[in-house]
Amino acid sequence: MKGLGLFSYNSLASTIKTVISKPESVRYNHDFSLPEYGENMTSLKEAAGKSGIYIGTVPDDSNFSKVLPSEFNSATAGNAMKWGKLLVDKKIGEYDFTTADRITDYVVNQGCRMRGHVLVWGRTPNGGYPAELDGIIKKSATPKEDIRTIMKDHINVMLSHFKGRVTNWDVVNEPMQVFGPKFANYTFYNILGTDYIKDAFSYAREADSDVKLYLNEQFFDYKDKRARNFLTLVKEMVTEGIPIYGIGLQHHIMYNEQSIEDFDWFLGQVAEMGLKVELTELDIRKPVFKKSRNPELSQAEAYYKIAKSCVQSGICEGITIWGIDDAHNWYDFTPPFNGKTKGENAPLLFDRNLNKKPAYYGFRQAFLEN
Ligand code: G3I
């Protein structure tokens with residue numbers, strides 16, 4: 001098959017869906033742009049429902065109501081529940097829930113599940129970190145006690161406010177360094193070490209005995225030292241009886257595709273610990289496949305493979321796509337992905353006009369085949 005042009009490949013693929021050998025630069029085994037994939041009218045949530053998997057999106061832009069609840073049965077507020085975003089005049093302890101409530105009530109009234117994102121995240125005010133915390137802790141004579149009290153109070157407020165509406169919480173977000181193998185040196189970590197993570201889970205369980213508690217992280221490599229250090233902590237939590245229910249894997253594919261074998265290995269490790277997983281923020285930048293003859297089809301193939309691994313793991317309870325359409329995606333306004341690549345990131349299932357992309361059909365196909 002080496003050297004076969006794309007067009008002859010496409011016409012062959014209409015009858016033979018899987019190409020056995022192909023030039024490495026093509027990197028797709030299906031042509032999810034073929035009409036046959038579009039003929040089936042099953043929605044994403046129906047297709048995934050057979051495997052017991054929720055399909056979520058982010059209800060932060062105006063197109064949300066056009067595809068929910070027809071395609072999705074779960075949602076995560078992209079920003080509205082972040083600690084710093086909820087505070088009135090940035091004052092710890094003073095909350096304004098207007099936006100978060102509006103989104104949550106809309107989602108719940110559509111009969112969809114609402115995931116809570118996020119209770120404790122140590123990174124920057126833009127990430128929803130309550131900046132006033134650092135000043136308070138600096139002046140404190142008893143920083144350990146004070147930071148615990150502030151964290152516990154926040155968790156209590158959140159869980160009681162959203163009780164009965166939010167079913168799953170990302171209790172702690174991104175505890176690791178972004179690119180390093182260690183835990184990130186957030187104020188929480190500097191004062192309490194990894195106990196801040198364990199305490200946050202215990203406080204959440206005390207506040208609500210029903211919600212599912214997740215530890216959420218982004219991985220670029222599922223088998224490196226960073227991933228193993230993360231798993232060691234999770235193992236410790238399980239052994240110590242910390243009430244963790246599952247691991248949230250953000251799975252933003254920004255730079256390179258992750259190895260599916262490593263991803264499967266990681267899922268196996270989580271399964272062995274008796275925990276569940278969700279893909280909490282899935283998106284796949286199209287420029288990752290710039291060497292492909294058809295980046296759009298390679299992107300679709302990547303969505304297919306990831307969803308397939310999730311289904312086959314047997315422990316996946318949900319996959320949330322981090323946005324609805326390509327016109328509204330976080331890469332377009334975030335360095336280093338904005339600037340030159342603005343408009344080209346195109347990481348989602350729907351295009352800028354809300355049309356279904358090959359990525360949509362590839363993603364859905366993984367569930368239809370189950
Ligand atoms: O609304 C303004 C807009 O008016 C302005 O033109 C634009 C240019 O800077 O900024 C817009 O605000 C941005 C906001 O998202 C819009 O939704 C903020 O600058 C930006 O900091 C904020 O980024 C959010 C980011 O978390 C930081 O909290 C993204 O929306 C959100 O998608 C992203 O989500 C995170 C998850 O919580 C955790 N995992 C990684 C993921 C992606 O970064």
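Attention here is on the structure that accompanies the text. Note that this is a predicted model, so its numbers are computed, not measured.

It is worth spelling out helix H11 (residues 225–239) at this point. With 15 residues, H11 extends 21 Å from end C-alpha to end C-alpha; this agrees with the ideal 21 Å at 1.5 Å per step. Along H11, the residues that are buried comprise Arg226, Ala227, Phe230, Leu231, Leu233, Val234 and Met237. Each buried residue of H11 lies within a common arc of 155° when the element is viewed along its axis, so the set occupies one face. Those residues of H11 that are exposed and angled more than 90 degrees off the buried face are Lys225 and Thr239. Among the residues trailing H11, Gly241 stands out with phi positive, at a value near 75°.

Right, let's get into the environment of Asn29. Tracing the backbone through its elements, the reader meets Asn29 in the loop between helix H1 (6–13) and helix H2 (35–39). Asn29 gets classed as partly exposed once you look at its relative accessible area, which sits at 23%. Considering only alpha carbons, one finds Asn29 and Lys152, 123 residues apart in sequence, at a separation of 49 Å.

Attention now moves to the nonpolar core. Counting residues in hydrophobic clusters, the biggest one holds 108 residues, and the most contacted among them are Leu215, Ile247, Ile319 and Phe363. Looking at this core, the element that brings in the most residues is helix H13 (residues 295–313), giving eight residues. If near-sequence neighbours (up to four positions away) are discounted, Ile319 is found in contact with Ile53, Tyr54, Ile55, Gly56, Leu279, Leu282, Ala307, Cys310, Phe363 and Phe367.

Taking burial as the measure, the six residues of strand E5 (residues 212–217) include five buried ones, the bulk of the element. Summarising the sheet, strand E4 (residues 166–173) and E5 pair through five bridges and their orientation is parallel. In the sheet register, Asn173 faces E5, and the bridge partner there is Asn216. In the sheet, E5 pairs with strand E6 (residues 246–249) via four bridges, with the strands oriented parallel. For Leu215, the partnering residue across the bridge sits in E6 and is Ile247. After leaving E5, the chain enters H11 and then returns to the sheet as E6, a path that is right-handed.

Within the secondary structure, Asp325 is located in the loop between strand E9 (316–321) and helix H14 (358–368). This buried residue, Asp325, is left without a salt bridge; Arg352 holds the nearest opposite charge, at 6.9 Å. At 2.9 Å, the side chain of Asp325 forms a polar contact with the backbone nitrogen of Ala327. Discounting chain neighbours no more than four positions away, the residues touching Asp325 are Asp61, Asn63, Leu348, Phe350, Asp351, Arg352 and Leu354.

Right, let's get into empty space enclosed by the protein. Evaluated as defined, the whole model comprises three cavities of 30 Å³ or more. There is about 40 Å³ of room inside the second largest cavity. What lines the second largest cavity is His251, Ile253, Glu257, Gln258, Ile260, Phe263, Ala302, Lys305 and Ile306. Broken down by element, the lining of the second largest cavity gets its largest block of residues, three residues, from H13. Considering only residue class, the lining of the second largest cavity consists of five nonpolar, two polar and two charged.

About the thresholds
Residues numbered from 1 in each chain as written. Predicted model: local features only at pLDDT ≥ 70, side-chain atom pairs only at ≥ 80, totals over all residues. Heavy atoms only, no water. Helix = DSSP H or I, 4+ residues; strand = E, 2+ residues; numbered from the N terminus. Expected span 1.5 Å × (residues − 1). Buried < 20%, exposed > 50% of the residue type's maximum accessible area, 1.4 Å probe, protein only. Arc of directions from axis to C-beta. Core = buried A, V, L, I, M, F, W, Y, C linked by side-chain atoms within 4.5 Å. Contact = heavy atoms within 4.5 Å. Pairing = 2+ DSSP bridges. Right-handed = clockwise from strand over helix to strand, strands pointing away. Lys, Arg positive; Asp, Glu negative; His and termini not counted. Salt bridge = Lys/Arg side-chain N within 4 Å of Asp/Glu carboxyl O. Polar contact = N/O pair within 3.5 Å; in protein donor to acceptor, adjacent residues only side chain to side chain. 1 Å grid on protein atoms, 1.4 Å probe; cavity = no way out; pocket = protein on both sides within 12 Å on 5 of 7 lines; lining within 4 Å. Points joined across faces, edges and corners; volume = space filled by probe spheres on them. Nonpolar A, V, L, I, M, F, W, Y, C, P; charged D, E, K, R; others polar.

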